[in-house]
Amino acid sequence: MPTKPVMITREPRGTQPPAPRPTPAWQQALASAIRDPEILLRRLGLAPDAVPGMQEADRLFRTRVPESYLARMQPGDPRDPLLLQALPRGEETHEQPGFVSDPVGDHDALAAPGLVHKYHGRVLLLTTGACAIHCRYCFRREFDYADHSPARDDWDAALAYIAGHQEIREVILSGGDPLALGDHRLARLAERLADIPHLQRLRIHTRLPVILPERVDAALLGWLGQGRLQHIMVLHANHPREFAAPADQALRRLAAAGVTLLNQAVLLAGINDDADTLAELQETGFHLGVLPYYLHQLDRTRGTAHFEVSAHRARALYRELHARLPGYLVPRLAREIPGEPGKTLLAPFPARE
Ligand SMILES: *Cc1c(COP(=O)(O)O)cnc(C)c1O
Ligand code: SF4
């Protein structure tokens, strides 16, 4: 797909226009992401009509795959674990009992526009609804960001809430994908957060360094590498091949800038639900400076039932990781239960004294 021309709008004469900022390379890469599932299949040498119900599913949640992620898929393999995360399929249009539109209860926990306070000591800021990839299993595919995100850069209410709650130690930027925002806005937000004395940490949940490694440029490293707050990045990589070049270099640069890197994977049927893949995910990540954090059971969002791995199987996989890997490479097995003050850990072993 050709890159869309970037429109530069100018202020009318007489007002003081802000100095125009050049469009960063990552934004151009994002603008030229693949948005047509037929093109995605063709580019991998697969028949464009191979997947029943693909177009219908695409209409519900539009396909989006950046070139650099496509380059890490295996041509000719319709079961490629990276392709399966991004390719719409007919199963997404099937209703399944228990799979609903807001499985994690985000709608019930909004304390200010764009601010979710459901965990102790930390708040989520919903920064943008945009993402670099549209993951088919996503629990937020139906969340209406337009209704809940604050107007452009209007963080006043959210920041006032945080400033008024001494017990909040950590702000978590979430989305969508917070790194879909430009660095000028992010750096400004980080600065304003650093001005709130009781905050200690700024955490960013993002898939961008892995999906679109171009995103990790000098401007991002500039503000992440400084400031009073400790910066933590929780990556969402599900398969070891997602850490392949060029993502490996992006992660090394983040680690070198002093960002603590953690990974939270979702257990996904047909993608990473085997012990070899999961063990390799932890080892490959650690090699690049990424520590395992959570291995998450799928949130039961409508249209995602075909990705679910049973709790029984999840526990067995966890036990196998525990038997194979050093303790620091074993992620916590968790699931989200609406109304709970944190994630619920799945006990993988029978109770024993
Ligand atoms: C679980 C979760 C959090 C917060 O929970 P922690 O236990 O503090 O990590 C924030 N963002 C996302 C996307 C999560 O899944
Ligand atoms: S919020 Fe995360 S999981 Fe969902 S589509 Fe965006 S990048 Fe993918």
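Above: the structure in question.
Residues numbered from 1 in each chain as written. Chains lettered and ligands numbered in written order. Predicted model: local features only at pLDDT ≥ 70, side-chain atom pairs only at ≥ 80, totals over all residues. Heavy atoms only, no water.

Caption draft 1: Broad picture of the environment of Ser-32. As for its placement among the helices and strands, Ser-32 is situated in the loop between helix H1 (25-31) and helix H2 (37-43). Residue Ser-32 is classed as buried on the basis of its relative accessible area of 14%. When the C-alpha atoms of Ser-32 and Glu-67 are compared, they prove to be 7.8 Å apart, with 35 residues separating the residues in sequence. (Helix = DSSP H or I, 4+ residues; strand = E, 2+ residues; numbered from the N terminus. Buried < 20%, exposed > 50% of the residue type's maximum accessible area, 1.4 Å probe, protein only.)

Caption draft 2: Fine view of the packing of aromatic side chains. Under the defined criterion, the tally for this structure stands at four aromatic pairs. An angle of 55° between the planes, with centres 5.4 Å apart, marks the rings of Phe-286 and Tyr-328 as tilted. Note that Phe-286 is positioned in helix H12 (residues 275-287) and Tyr-328 in the loop between helix H13 (311-324) and strand E9 (332-335), a separation of 42 residues in sequence. The interplanar angle of 75° and the centroid separation of 6.5 Å between the aromatic rings of Tyr-318 and Phe-349 together place this pair among those described as edge-to-face. Of this pair, Tyr-318 sits in helix H13 while Phe-349 sits in the segment after strand E10 (344-345), and the two are 31 residues apart along the sequence. (Phe/Tyr/Trp six-rings, centres within 6.5 Å; stacked < 30°, edge-to-face > 60°.)

Caption draft 3: Looking closely at the sheet that holds strand E8 (residues 290-296). Strands sit in the order E1-E2-E3-E4-E5-E6-E7-E8-E9-E10 across an open sheet of 10 strands; the sheet is mixed. This sheet does not close on itself; its edge strands, each paired only once, are strand E1 (110-112) and E10. Judged from the three bridges that link them, strand E2 (residues 115-119) and strand E3 (residues 122-126) form a sheet pairing that is antiparallel. By the bridge assignment for E3, Tyr-119 is matched with Arg-122. Relative to the sheet, helix H11 (residues 247-256) contacts strand E6 (230-235), strand E7 (260-266) and E8, its axis offset from that of E7 by approximately 135°. (Pairing = 2+ DSSP bridges. Contact = heavy atoms within 4.5 Å. Axes fitted to C-alpha atoms, helices over the stretch in contact; angles between N-to-C directions.)

Caption draft 4: Summary view of the pairing of E7. Within E7, six of the seven residues are buried, which leaves the element mostly enclosed by the surrounding structure. Direction of pairing for E6 relative to E7: parallel, over a ladder of four bridges. Paired with Leu-235 across the strands is Asn-263, a residue of E7. Assessed by its sense of winding, the connection that carries the chain from E6 through H11 to E7 is right-handed. Relative to E8, E7 is paired through six bridges, and the arrangement is parallel. When the bridges of E8 are listed, Ala-265 appears paired with Leu-295. (Right-handed = clockwise from strand over helix to strand, strands pointing away.)

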